[in-house]
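# Observations on chain architecture
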Amino acid sequence: LENDEVTLTPQRIEIIKTEIEHLRRLVGDLTTLSQVEAGGLEIQLNPVQPYWLLERTYQAYQPIAARQGIELRLDVSTGLPAIRVDEGRMQQVLKNLVENALRYTPKNGVIQLGAVEDDGKVQISVRDSGAGIEPDDLPYVFDRFYRADKARGSNAGKMGLGLAICKALVTAMGGKIAAQSAGKDQGAVMILTFDSGLGA
């Protein structure tokens, strides 16, 4: 019989291409994480307005959210003080956080990008009305390869590095990141905290 050969149908080729892209992103994420943790990733800190960071993220993801039936909101004042960050790396962090929120927020849900000043610090937040995070899982969601999908109440997801990279990059820029959630199906909020003074 000559049926041992697998026919490469267009559908199978698409599946292979998708898996290769997943592997490519995973290798890229691992490389980034390793560079950050080894102190070898170039980070240039410059004054950046929180409004413009979130506005750019909003403009990029609003059409994507709309296609998923999710409302993406922007709630940030133009009058907030600047923070010293690497703008490109901050865009990467916000991209990861919004994509994470989109993954766990159902149709007709809401994701809100916000920023406030509090006690000499600026807090940037990505809040979603999605699956929520169980209290026992909250301390671990930034660990590499942690089953964030399990924490969000689903067994169908993938283990990833997105939130681990967010923490590594935010820490490298002198900030802090934290996750908050009231529990299963109660939504979640990721909060980035940076000093609002520009210093020397």
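Just so you know, the residues in each chain are numbered from 1, in the order the chain's sequence is written. Only residues with pLDDT of at least 70 are given local features in this predicted model, and only at 80 or more are side-chain atom pairs given and counted; all residues enter the totals for whole chains, interfaces and linings. The side-chain values count all of the structure's non-hydrogen atoms but skip hydrogen atoms and water molecules.

### Quick look at the sheet that holds strand 6 (residues 176-180)
- As summarised here, the arrangement of the 5 strands in space is 2-4-5-7-6, forming an open sheet in which the pairing is mixed. The open sheet terminates on both sides in strands that have one partner only, identified here as strand 2 (71-76) and strand 6. With strand direction ignored, the average angle separating the axes of adjacent strands in the sheet is 15°.
- Strands qualify as paired when DSSP identifies two bridges or more between them. The helix and strand labels rest on DSSP assignments: H or I over at least four residues marks a helix, E over at least two residues marks a strand, and numbering proceeds from the N terminus. Where strand 2 lies against strand 4 (residues 110-118), 6 bridges are found, and the strand directions are parallel. If you follow leucine 74 over to strand 4, its bridge partner there is leucine 113.
- Each of strand 6 and strand 7 (188-195) touches helix 5 (residues 162-172); the most contacted strand, strand 6, lies at about 145° to it. Fitted lines through C-alpha atoms serve as axes, helices being fitted only where they are in contact, and the angles separating the N-to-C directions of these axes extend from 0 to 180 degrees. Throughout, a contact is declared for two residues whenever any of their heavy atoms are within 4.5 Å.

### Here we look at a nonpolar patch on the surface
- Only residues whose relative accessible area exceeds 30% and that take part in no salt bridge are eligible for patches, with like-charged residues grouped when within 9 Å of each other and nonpolar side chains (Val, Leu, Ile, Met, Phe, Trp, Tyr) grouped when within 5 Å. For every accessible area listed, the method is Shrake-Rupley and the probe measures 1.4 Å; residues are considered covered only by the protein chains on display. Within this document, salt bridges are pairs made up of a side-chain nitrogen of Lys or Arg and a carboxyl oxygen of Asp or Glu, the two lying within 4 Å of each other. On the surface, a cluster of nonpolar side chains totalling about 370 Å² of accessible area is made up of Leu8, Ile13, Ile16 and Ile20.
- The residue isoleucine 13 is located in helix 1 (residues 10-37) in this model.

### Structural notes on the nonpolar core
- Counting residues in hydrophobic clusters, the biggest one holds 47 residues, and the most contacted among them are Leu97, Ile124 and Leu192.
- Apart from the residues within four sequence positions on either side, leucine 192 is in contact with Met90, Val93, Leu94, Leu97, Val122, Gln123, Ile124, Val170, Lys176 and Ile177. Definition used in this section: a nonpolar core is a set of buried Ala, Val, Leu, Ile, Met, Phe, Trp, Tyr and Cys residues joined via side-chain atoms within 4.5 Å. Working definition: with a 1.4 Å probe on protein chains only, accessible area under 20% of the residue-type maximum means buried, over 50% means exposed, and in between means partly exposed.

### Quick notes on the pairing of strand 4
- Sheet topology note: the strand 4/strand 5 (residues 121-128) ladder contains 8 bridges and is antiparallel. For leucine 113, the partnering residue across the bridge sits in strand 5 and is valine 126.
- What sits between the antiparallel neighbours strand 4 and strand 5 is a turn of 2 residues, in which aspartate 119 has the positive phi angle 55°.

### Topic: the packing of helix 2 (residues 50-67) against helix 3 (residues 87-104)
- Two elements in contact, helix 2 and helix 3, have axes whose closest approach is 10 Å; the angle formed by their N-to-C orientations is 35°. For the pair helix 2 and helix 3, the crossing hand works out as right-handed. Contacts between helix 2 and helix 3 pair Trp52, Leu53, Leu54, Arg56, Thr57, Tyr61, Ile64 and Ala65 from the former with Glu87, Met90, Gln91, Leu94, Lys95, Val98, Glu99 and Leu102 from the latter.
- The residue makeup of the contact of helix 2 with helix 3, split by class, is 10 nonpolar, 2 polar and 4 charged. In this scheme, a crossing is called left-handed if the near helix is turned counterclockwise away from the far one by less than a right angle; it is called right-handed if the turn is clockwise. Residue polarity is assigned by list, with Asp, Glu, Lys and Arg as charged and Ala, Val, Leu, Ile, Met, Phe, Trp, Tyr, Cys and Pro as nonpolar; anything else, Gly included, falls into the polar class.

### Here we look at the pattern of salt bridges
- Per the counting criterion, the structure on display carries 6 salt bridges.
- We note a salt bridge from glutamate 71 to arginine 73, for which the minimum N-O separation is 3.0 Å.
- Here aspartate 185 makes a salt bridge to lysine 184, at a shortest N to O gap of 3.8 Å.

### Regarding the packing of aromatic side chains
- Each pair of aromatic rings taken from Phe, Tyr and Trp, with Trp reduced to its six-membered ring, is defined by centres within 6.5 Å and is described as stacked if the planes are under 30 degrees apart, edge-to-face if over 60, and tilted in the remaining cases. Counted by the stated rule, this structure contains 1 aromatic pair.
- Here the aromatic rings of tyrosine 51 and tryptophan 52 are separated by 5.0 Å at their centres, their planes lie at 85°, and the arrangement is edge-to-face.
- For tyrosine 51, a relative accessible area of 18% gives the class buried.
- On the basis of relative accessible area, tryptophan 52 is assigned to the exposed category, the value being 52%.

### Structural notes on the side chain of aspartate 86
- For aspartate 86, the location among the structural elements is in the loop between strand 3 (83-85) and helix 3.
- Here aspartate 86 occupies a buried position and makes no salt bridge, while the nearest side chain of opposite charge, arginine 89, is found at 4.7 Å.
- In protein, a polar contact requires one atom able to donate a hydrogen and another able to accept it; more generally it is a pair of N or O atoms within 3.5 Å, and residues adjacent in sequence count only if both atoms are side-chain atoms. A distance of 2.9 Å separates the side chain of aspartate 86 from the backbone nitrogen of glutamine 44, its partner in a polar contact.
- One polar contact links the side chain of aspartate 86 to the main-chain amide nitrogen of glycine 88, over a distance of 3.1 Å.
- Filtering out sequence-adjacent residues up to four positions away, aspartate 86 remains in contact with Glu42, Ile43, Gln44, Leu45 and Met173. In this count, Lys and Arg are taken as positive residues and Asp and Glu as negative ones, while His and the chain termini are left out.

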